[in-house]
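# Observations on the model geometry
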Amino acid sequence: MYKLVTILVALMIIFTLSVASLEIASVQDLLMRYLTKAAMSQTSEVVHEKKALKVFVCGTSSPIPSPDRAQSCIAVLTPEHFYIVDSGAGSTDNLISSRLPTDRLQGLFITHFHSDHIAEIPEVNLNSWIQGRAEPLKIIGPPGIEKIVTGLNMAYALDRQYRTEHHGTDLLPPTLGVLKARTLSIGEVLQDGDLRVTVFQADHAPVQPAVGYKFEYQGRSLVISGDSRVTEHTYQMVEGADLLLHDALSEPTLSHLIEAAAAAGLSRNEKILSDVLDYHAWTSSLRELGEQSNVRMVAYYHLVPAPRNILMQKIFERDLPKNHLIAKDKMWFDLPAGSKEIIVSED
Ligand SMILES: [Zn+2]
Ligand SMILES: [Zn+2]
């Protein structure tokens, strides 16, 4: 007993001295020097020892605010490729803090033009430009993408000019800061080496156009829904697929929010939340998809609304099949070539 008290007292003294020492400038500098060196010497997390399709979840939230989640964003990587699907608010921070190699980012696929899918195109562009991307960033999407790209290039012209003038044209060549649009049509297939990307119709009516993407690489496949109900196209695309990342709405949770907004007299919120009900995939329809298709794993993202506590999480997870999960920001799915394995991990 005496020994335990002595240890506790010693620990308290060490803790108090440690906290007090943070007030001393030389201690602050010493710690900062050590920590920044350690942080800067870390290399990219994405080590490709073997051929694999890797998926990094850079954002899982919808526009309903969620403090710990970024909005819609999925990164797709192989040893030879790096693309991102959608770029919602906060998602670039996830790419940076997980040290994704944005210097080799090839393009940004956009599913549709709601703000929670395009908000950070300029941030990804800036970050990858600074990191040394060798080509202009391609922004790839359905018709209308050229309008977004023209507008962003115009809006950020002064920003690009300031940065090139300040850091020099060798470091930040002006041509590499300008976005390039690539317009896609439904059914179109893009082939980039061993990576094949198929564009398919999503159902996010009344929003048009809206598409999803299927990625195939070395026998492994990934389907990303974008914002959509479950449709016959979803069933076709997930046939034999390894992983589906799908927009998901928890109808019980949203109904509680609508009821609460009505009771509080918040008629604007009540109307907007009610409108949202019919253009996303209800978790019940995703469970049905799981039962009636042979997709290996389903991960829910673009969560409407994203769970903010254990209670909301439990409601979202009601009757969740074994091969379904609620995605988190900074989650990885690793699909090695020549295997059926899906390795799920968190950064
Ligand atoms: Zn959305
Ligand atoms: Zn949307």
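Residues numbered from 1 in each chain as written. Chains lettered and ligands numbered in written order. Predicted model: local features only at pLDDT ≥ 70, side-chain atom pairs only at ≥ 80, totals over all residues.

### Overview of the sheet that holds strand β4 (residues 107-109)
Heads up, the rule is: What makes two strands pair is DSSP finding at least two bridges between them. Here a strand is any run of E in DSSP of at least two residues, a helix any run of H or I of at least four, and the numbering for each starts at the N terminus. To define axes, lines are fitted to C-alpha atoms, for helices over the stretch in contact only, and angles between the resulting N-to-C directions are given on a 0 to 180 degree scale.
Read across the open sheet, the eight strands follow the order β6-β5-β4-β3-β2-β1-β14-β15; overall the sheet is mixed. A strand with exactly one partner marks an edge of an open sheet, and here the two such strands are β6 (180-183) and β15 (343-346). Taking each pair of neighbouring strands and ignoring which way they run, the sheet shows an average axis angle of 20°. Sheet topology places strand β1 (residues 52-59) next to strand β2 (residues 73-77); five bridges connect them, and they run antiparallel. By the bridge assignment, V57 is partnered in β2 with I74.

### Observations concerning helix α9 (residues 251-263)
For clarity, the cut-off: By this rule, a helix spans an expected 1.5 Å times one less than how many residues it contains.
Helix length check: α9, at 13 residues, gives a terminal C-alpha distance of 18 Å against a target of 18 Å (1.5 Å per residue), a fit within 8%. Downstream of α9 by one or two residues, G265 has phi in the positive range, about 75°.

### Comments concerning the pairing of strand β10 (residues 220-224)
To be explicit about the condition: The exposure scheme places C-beta atoms from the backbone and then counts, for each residue, the other C-beta atoms within 10 Å of its own, assigning buried at 20 or more, exposed at 12 or fewer, and partly exposed in between.
Along β10, five of the five residues are buried, which leaves the element largely enclosed by surrounding structure. Taken together, the five bridges between strand β9 (residues 211-217) and β10 define a ladder with antiparallel strand orientation. Residue pairing in the sheet places E216 in a bridge with S221 of β10. Where β9 folds back onto β10 in an antiparallel hairpin, the turn is made up of two residues, including Q218, whose phi is positive at roughly 50°.

### Digging into the nonpolar core
Side chains of nonpolar character tend, in soluble globular proteins, to be buried together. The test is simple: The nonpolar core criterion groups buried Ala, Val, Leu, Ile, Met, Phe, Trp, Tyr and Cys residues into a set whenever they are joined through C-beta atoms within 7 Å. The contact criterion used here is simple: two residues whose C-beta atoms, placed from the backbone, lie within 7 Å are in contact.
In terms of nonpolar packing, the biggest core is built from 71 residues, with I74, A75, V76, L108, I139 and L243 touching the most fellow members. Ranked by residues supplied to this core, first place goes to strand β12 (residues 297-304) with seven residues. Those residues within four positions of L243 in sequence are excluded, and the remaining contacts are V55, L222, R296, M297, A299, F333, L335 and I342.

### Thoughts on the packing of α9 against helix α10 (residues 267-276)
Our working definition: Should an angle fall under 35 degrees it is called roughly parallel, over 145 degrees roughly antiparallel, and 65 to 115 degrees roughly perpendicular, with every other angle called oblique. By the definition used in this description, the sense in which the near helix is turned from the far one sets the handedness, with an anticlockwise turn below a right angle giving left-handed and a clockwise turn giving right-handed. Each residue is assigned to one class: nonpolar for Ala, Val, Leu, Ile, Met, Phe, Trp, Tyr, Cys and Pro, charged for Asp, Glu, Lys and Arg, and polar for all the others, Gly among them.
Where α9 contacts α10, the two axes come as close as 8 Å, and the packing angle between them is 160°. Compared by their axis directions, α9 and α10 come out roughly antiparallel. The way α9 lies across α10 gives a crossing that is left-handed. Of the residues in α10, those touching α9 at L254, L257, I258, A261 and A262 are N269, E270, L273, S274 and V276. Among the residues making up the contact of α9 with α10, the classes are represented as seven nonpolar, two polar and one charged.

### Overview of the domain arrangement of the protein chain
Spelled out, the test is: Boundaries of every domain are those given by an automatic assignment or by a domain database.
As far as domains go, the protein chain holds domain 1 (2-39) and domain 2 (48-346). Look at where the C-alpha atoms of domain 1 and domain 2 centre, and you get two points 42 Å apart.

### Concerning the sheet that holds strand β13 (residues 324-326)
With mixed pairing, the seven strands of this open sheet are ordered in space as β7-β8-β9-β10-β11-β12-β13. The open sheet has two edge strands with one neighbour each: β7 (189-192) and β13. Along the sheet, successive strands turn relative to each other by an average axial angle of 20°, direction set aside. Contacting β11 (243-249), β12 and β13, helix α11 (residues 283-292) crosses the sheet at an angle of about 155° to β11.

### Here we look at the environment of A119
Along the polypeptide, A119 turns up in the loop between α4 (115-118) and α5 (121-131). Expressed as a C-alpha distance, the spacing of A119 and G90, which sit 29 residues apart in the sequence, is 8.8 Å. If near-sequence neighbours (up to four positions away) are discounted, A119 is found in contact with Q71, S87, G88 and A89.

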